[in-house]
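Tertiary structure, described
This is what each chain is made of:
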Amino acid sequence: MKILFLFFIFYFISKSFGNIIPAPKDFKCSKESLIYTYGSGDAYFSKWSFTDSNYDLPFDCLNDNRSVTCTAEMNGENAKMLHGSISTCVIDSNGELICRFINLITNYYPNPIIEGEFKPLTKGGQTSLKGYYLAFGISSSFTILPNTKVEFQGSAFKESFDATNIMLDYQGGCGPKTLQWPNGFNFTFNHSNPIINNASSDNRSLIVTGSNFCNNSNYVNLFIDGVQIDKLNIISIDHELFEVKYNQQYCKSIVLNIVSGGLESNKFQFDYKPLPLKINSIPKSKGGSIIITGERLSSQINNSLVIVNIGQNECKQVISSKNEITCNLDSITNGSISNNLQVNISINGIVNDNNLLFSFDVPFISDFILPQGEVKLIGDCLGALQSTQVYIDDILQSNLTISINDKQTTLSFTPLNQIKKSKLYLIVNGTKSNVVDIDSSFYVKSIPSSPSVIGQIVNYTLYNINPSNYNSLPTIILKDNSTIKGIDIKNSFEYSTHSYSFQIPKGCGRNEISISIGNQTSRTEFYYEQPIITSCSIRSDQMIYCLGNFTNYLNYYENGNIKIQFSNRIIIDDIPKKPIIFENNYFLFPLKPEYGSSEISLIVCNENSRSLKIDISPSLSYLNKSPMFNSTGGQIIVNGQNFIPRTAENTSVYCFSNNQYYNCLFLNYTSISCNLQILGPFNQTCQVEFNNKEINNNITISFYPPLVSNSTMISNSSIGGIITIFGNEFYNEIDEISVGNSICSNITFINSSSVSCLVEPLIISSNQTIQQNQYVNITINGKSGGNYLMIYFQNPNTPDQGNKSTENNGKNISTDGNNNDNDKRSIILRKKWILAIILIGGVFILVGLTTFLLIKNKRKPSVIYMKNTIVSGAKKGALGIKQIRYHFDLKNFKKTTNIQDTDESIRIGAAAFREVPISPFLNVSSPPSQSSEQSLPQPPQPQLSPNQIQKLPDYDLSINDVPSSSS
């Protein structure tokens, strides 16, 4: 319809003015130029004149006989002037210039070019619209579809108007909007993103402040920790404030964000901080339990970290719930400030910001009751017997006998006379408490005073009953407002003082009750019977084990109404493999390093049972006062009870000789090891400091005497030679070494396990036999140690020209020496023949026996025989072990030699080989090679398997082995 209307207008103008109204076929708009294209021979604009801004915009036109292209250069300064009324100059179809007022058809207005972001505030206000060609056809306002007018400052018909920066007076809105220009150009915009600046809360709602929230809930969504809040919970909403129903009972951080008109806000963290409102006072000199009441005093997170600081003092053993925190504040004995201390509570790093102050030693009476005919005041800092005065109706009660508990939280006295509607207060160390109204004329007493936790009938006697209430029956009102009707036990006709029975239900802890009869009421209390811990001990598995009768209390423990208090803390069941166990007649829990000797009690429904002292301090039971060390040091073992790693850290050994401390290590709960690297051989005096306490008696460390194991050998005793002695506990301070009856000279200390010395030649007669085994003794620092060792290879009875006698003139030579030599040679020859015959016969016997056994046991697959023999070495005086392995089977005899040949110039010569019977079920392995400092090989050890047991023959084997030398 619009197009048809424009066509008729254009047709009418064409008929009226001919071809002087340009009709461009195309046009392009940019910030650099306006380009209009016309048909060849058509009229076209050569200039636009903006009369209100006194600015002419010329067009540079180019005719290529097909079309005419007209271009007007553009920049920021030119664009500012494009507003108000427009007159034009036209080149008509005849080529004539016509300049007069000819309006542009709106369809050919340049399309606006918007610069930058156009994001007005949702609440509205002055907003700048920047760009090019913004004011064509515009006088004083824009249109927001469908038909909302947006006025702007100034007028497009004024010369000072800036067409590139138009200040709109925007009235606000929500969500996307569309601006429309007269030429039909539409520009869709949205508002600025919502911004959350702050948040606050009360007990019923959450209030969020910021900007660009919108004022229409249809466009707005609030998210808390990513969860959308139901719009039914929205209390109010405006562009800068959002209030929603939300109640958070715990201390925690939440993340808020708002989506308004499809635009998302920043994520804002809001802390629901702890809000402490009230705190009690405690004695400065005693410390005590702090009770803080308020809101959001705990977290929903398990194992939350709750820290309470009062001034500079940390309140310990914190227990928190939604509306209450309890903790223990230590006593303060110094002169620090004790009044108006700031209370700071941190829950998982979130700290309160309100100003709650605490002061020590401020007496306060919070309540009173009349148990068993007494007046019992309940409060804080009620003082001590010497410092507390009781005033009734401003009169000092000097004759009262009062009792105050150790925590100064209760004060009790038996009134001398009935107290009727009086005012009572205390003065403690000169500080006056608050005033309470009190009346003690009607009171009660009960038998028993502490009913069983499983329930029990209790008799109450009521005193000073008014006559008007004689015919009434009393009622007990419990804390939960439940009631118990009394029954007259009819033990007296005196109704001013009368007894009634009540069935007290099962329960635990302290119970404050009211007893009413007629119009009289007395407030009193009773405590359920508490469990009794009879004894406690520490078991070897480091569990604290306590005995008692807890049968009636199992359900209370399972329900969490019983806690174990020890070492000034509540015991927490946090060790999976060592849980707390609570049974009929005992309970146990693991001992932890942080525990110290302390009273243990059971907290039953917030009331402590009678406590019992447990001593778990480390104790010393045994310390060796005369330990023996080896050459490189040793250990001092401290034995005792209740050791923990800290005990070892606090234990050390101080030695006087070197002025050095030695640390100790924790071994287990009963042992501590102190490693001392002290060199011998001289005795050392040391002192043990156990758990930071010196032990009176010193310890004396002595060192083991020398231990002689083996040595090298000498081939000829008549010559002597150097031997190396092996063993342990050798020191450089060697007093003497003897070999047999001789002293070994030229002593050389090699290390703690070897020394060497020179053995002098032996002077012996011709018929004397030298023992190969000699007793070798080493003396160091007065301590001796020795062993029989094989020192000589053979008896040195060999030809020696030195034994020959000669005359002084050298002419007459004696023949005695020759005769002796011949006798010796004859004896040696006979011995060799005898030895050869024995060896040959042994070989034949061995071969025959082996063949017989193989034939007899041909069903057996095989057997291995190993033999060790002494062989001469390549060097003089050296012997070794030669191991020969024999392998037998049914078909042939195979001998394998040289499996292991080792020449060792060591201690072998002094040891005798021996035959060792071996079981038929043993697999004999070859002996390991020996170093010069090791002992001789031990007899082979059996290694069995089922296959070996089946395959080995049924007869015994024997093996020649080198026995180990004794130490």
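Right above here is the structure, for reference.
Residues numbered from 1 in each chain as written. Predicted model: local features only at pLDDT ≥ 70, side-chain atom pairs only at ≥ 80, totals over all residues. Heavy atoms only, no water.

**Concerning the sheet that holds strand 55 (residues 586-590)**
Strand pairing in a sheet relies on backbone hydrogen bonds, with the paired strands running either antiparallel or parallel. Strand order in the open sheet formed by four strands is 50-51-55-54, and the pairing between neighbours is antiparallel. Either end of the sheet is taken by a strand with one partner, and the two such strands are strand 50 (533-538) and strand 54 (581-582). As paired elements, strand 51 (residues 543-548) and strand 55 share five bridges and run antiparallel to each other. Across the sheet, Met543 pairs through a bridge with Pro590, a residue of strand 55. (Pairing = 2+ DSSP bridges. Helix = DSSP H or I, 4+ residues; strand = E, 2+ residues; numbered from the N terminus.)

**A short note on the environment of Asn257**
Relative to the assigned elements, Asn257 resides in strand 22 (residues 252-260). Separated by ten residues in the primary sequence, Asn257 and Lys267 have C-alpha atoms spaced 5.0 Å apart. Among all residues touching Asn257, those that are not within four sequence positions of it are Ile196, Asn221, Leu222, Phe223, Glu264, Ser265, Asn266 and Lys267. A distance of 3.0 Å separates the side chain of Asn257 from the side chain of Glu264, its partner in a polar contact. (Contact = heavy atoms within 4.5 Å. Polar contact = N/O pair within 3.5 Å; in protein donor to acceptor, adjacent residues only side chain to side chain.)

**Focus on the sheet that holds strand 15 (residues 186-189)**
An order of 12-11-14-15 is seen for the four strands of this open sheet, with the pairing classed as antiparallel. Looking along the sheet, the strands with just one partner apiece sit at the ends: strand 12 (148-151) and strand 15. This sheet shows a mean twist of 35 degrees between the axes of neighbouring strands, independent of strand direction. Summarising the sheet, strand 11 (residues 141-144) and strand 14 (residues 177-180) pair through two bridges and their orientation is antiparallel. In the strand pairing of strand 14, Ile144 is matched with Leu179. (Axes fitted to C-alpha atoms, helices over the stretch in contact; angles between N-to-C directions.)

**Overview of the state of the cysteines**
Within the structure shown, the criterion is met by nine disulfides. The side chain of Cys61 participates in a disulfide bridge whose partner is Cys70; the two sulfur atoms lie 2.1 Å from each other. Between Cys61 and Cys70, the S-S torsion sits near 115 degrees, and that sign places the bridge as right-handed. By relative accessible area, Cys61 is classed as partly exposed at 24%. A sulfur-sulfur distance of 2.1 Å marks the disulfide that ties Cys655 to Cys686. Handedness here is read from the sign of the S-S torsion; for Cys655 and Cys686, about 95 degrees, the answer is right-handed. Residue Cys655 is located in strand 62 (residues 652-655), and its partner Cys686 is located in strand 65 (residues 684-690); the two are separated by 31 residues in the primary sequence. Cys686 carries the same exposure label as Cys655, and that label is buried. (Disulfide = S-S within 2.5 Å. Buried < 20%, exposed > 50% of the residue type's maximum accessible area, 1.4 Å probe, protein only.)

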